[in-house]
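The chain contents come next:
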Amino acid sequence: ALFAALFMAVTASAAFAQDDYKRGEFGVGYSHNRVDSEGAFDPTGASSDREGFHGFYLNGGYNFHKFLGFQAEFSHHRKESEFFIAGAPATLEGRLNQGLFGLKAQDNRTETRVRPFARALIGVGKASGELRSATVTTDDSETGLAAALGGGLAFRLSDSFDFTTSADYNPIRLGDGGTTETTHNFRVGVGLTFRFGNK
């Protein structure tokens with residue numbers, strides 16, 4: 001009877017440990033966004049390809065279940081291009097800022113070493129651009145509905161840190177003067193996630 005009680009106590013504590021998970025997380029990393037700029041960075045107008053914008057992301061989350069949680073994210077991307085207008089040098093700078101929030105599905109248990117995740121985020125995106133030359137400086141911006149639909153992999157480095165990779169479809173509905181258009185962007189990211197607050 002004593003042996004049986006000891007065995008049950010050990011196995012029960014191990015079972016509960018396997019269900020422990022982190023309540024909170026905070027992530028930071030590099031992000032690359034292939035932005036559907038409709039050839040804005042090609043002065044010849046011959047190209048309508050997506051342009052590579054470099055930037056970063058900051059996100060935070062609260063896991064209310066070992067497999068599900070909320071996530072909020074801010075990201076900033078920019079690109080700068082230099083060319084000539086009527087023989088004079090000019091610089092075009094584009095910026096894309098987004099604030100998104102939504103749900104994230106992931107195995108948050110503390111003992112999990114590889115964590116695939118999926119997420120669906122929605123929020124606001126702001127695209128702005130500035131053209132500078134020796135004779136003229138002009139800028140414009142548009143704001144609209146944005147989303148990120150995708151996922152990635154998180155690799156456990158320690159009890160508190162994960163190395164995270166992500167890939168998202170990132171549509172943004174922009175409008176100005178009564179007309180709207182959806183840009184179809186794709187972004188990838190790599191970074192570190194700090195996990196805290198055992199459940």
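See above for the structure.
Residues numbered from 1 in each chain as written. Predicted model: local features only at pLDDT ≥ 70, side-chain atom pairs only at ≥ 80, totals over all residues. Heavy atoms only, no water.

*Asks:* Describe in detail the packing of aromatic side chains, supporting the description with residues and values.
*Replies:* One pass over the full model with this rule turns up five aromatic pairs. Arranged with centres 6.3 Å apart and planes meeting at 55°, the rings of Phe 56 and Phe 74 form a pair that is tilted. Of this pair, Phe 56 sits in strand S2 (residues 51–65) while Phe 74 sits in strand S3 (residues 68–85), and the two are 18 residues apart along the sequence. Seen from their ring centres, Phe 161 and Phe 194 are 5.3 Å apart, and the 45° between their planes marks the pair as tilted. (Phe/Tyr/Trp six-rings, centres within 6.5 Å; stacked < 30°, edge-to-face > 60°. Helix = DSSP H or I, 4+ residues; strand = E, 2+ residues; numbered from the N terminus.)

*Asks:* Could you give an account of the nonpolar core, with specific residues and numbers?
*Replies:* Most often, soluble globular proteins have nonpolar side chains that are buried together. Leu 100 and Ile 172 are the most contacted members of the largest nonpolar core, which has 13 residues in total. Put simply, the parts of the chain that give this core at least two residues each are strand S4 (88–106), strand S6 (137–156) and strand S7 (161–176). Examining the composition of this core, we find that four residues originate from one element, S4, more than from any other. (Core = buried A, V, L, I, M, F, W, Y, C linked by side-chain atoms within 4.5 Å. Buried < 20%, exposed > 50% of the residue type's maximum accessible area, 1.4 Å probe, protein only.)

*Asks:* How would you summarise the pattern of salt bridges if you had to cite specific residues and measurements?
*Replies:* Side chains that differ in sign of charge can pair as their charged atoms come close. Within this structure, the stated rule accounts for 17 salt bridges. Where Glu 93 meets Arg 132, a salt bridge forms, and the shortest distance between an N and an O atom there is 3.2 Å. Placement of the pair is Glu 93 in strand S4 and Arg 132 in strand S5 (residues 114–133), with a sequence separation of 39 residues. Note that Arg 187 and Asp 168 form a salt bridge whose closest N and O atoms lie 3.3 Å from each other. Note that Arg 187 is positioned in strand S8 (residues 179–198) and Asp 168 in strand S7, a separation of 19 residues in sequence. Residue class for Arg 187 comes out buried when judged on its relative accessible area of 4%. Among the charged side chains, a network of salt bridges with common partners joins Arg 78, Glu 80, Glu 93, Arg 95, Glu 130 and Arg 132. (Salt bridge = Lys/Arg side-chain N within 4 Å of Asp/Glu carboxyl O.)

*Asks:* So, the pairing of S5: which residues are in play, and what are the values?
*Replies:* Pairing between S4 and S5: 17 bridges, direction antiparallel. From the neighbouring strand, Asn 97 faces S5, where its bridge partner is Lys 126. The sheet contact formed by S5 and S6 spans 19 bridges and is antiparallel. Looking across to S6, one finds that Val 124 is bridged to Leu 145. Where S5 hands over to S6, the hairpin turn is made up of three residues, counted between the paired strands. (Pairing = 2+ DSSP bridges.)

*Asks:* I'd like to hear about the side chain of Arg 195, residue by residue, with values.
*Replies:* Within the fold, Arg 195 resides in strand S8. A distance of 2.8 Å separates the side chain of Arg 195 from the backbone oxygen of Asn 108, its partner in a polar contact. For Arg 195, the residues in contact, after removing those within four places along its chain, are Lys 22, Gly 24, Glu 25, Gln 106, Asn 108, Arg 109, Arg 115, Ser 160 and Asp 162. (Polar contact = N/O pair within 3.5 Å; in protein donor to acceptor, adjacent residues only side chain to side chain. Contact = heavy atoms within 4.5 Å.)

*Asks:* Can you break down the environment of Arg 113 residue by residue, with the values?
*Replies:* For Arg 113, the position within the fold is in the loop between S4 and S5. Overall, the relative accessible area of 59% leaves Arg 113 in the exposed class. Residues contacting Arg 113, with those up to four places away along its chain left out, are Ala 154, Phe 155 and Arg 156.

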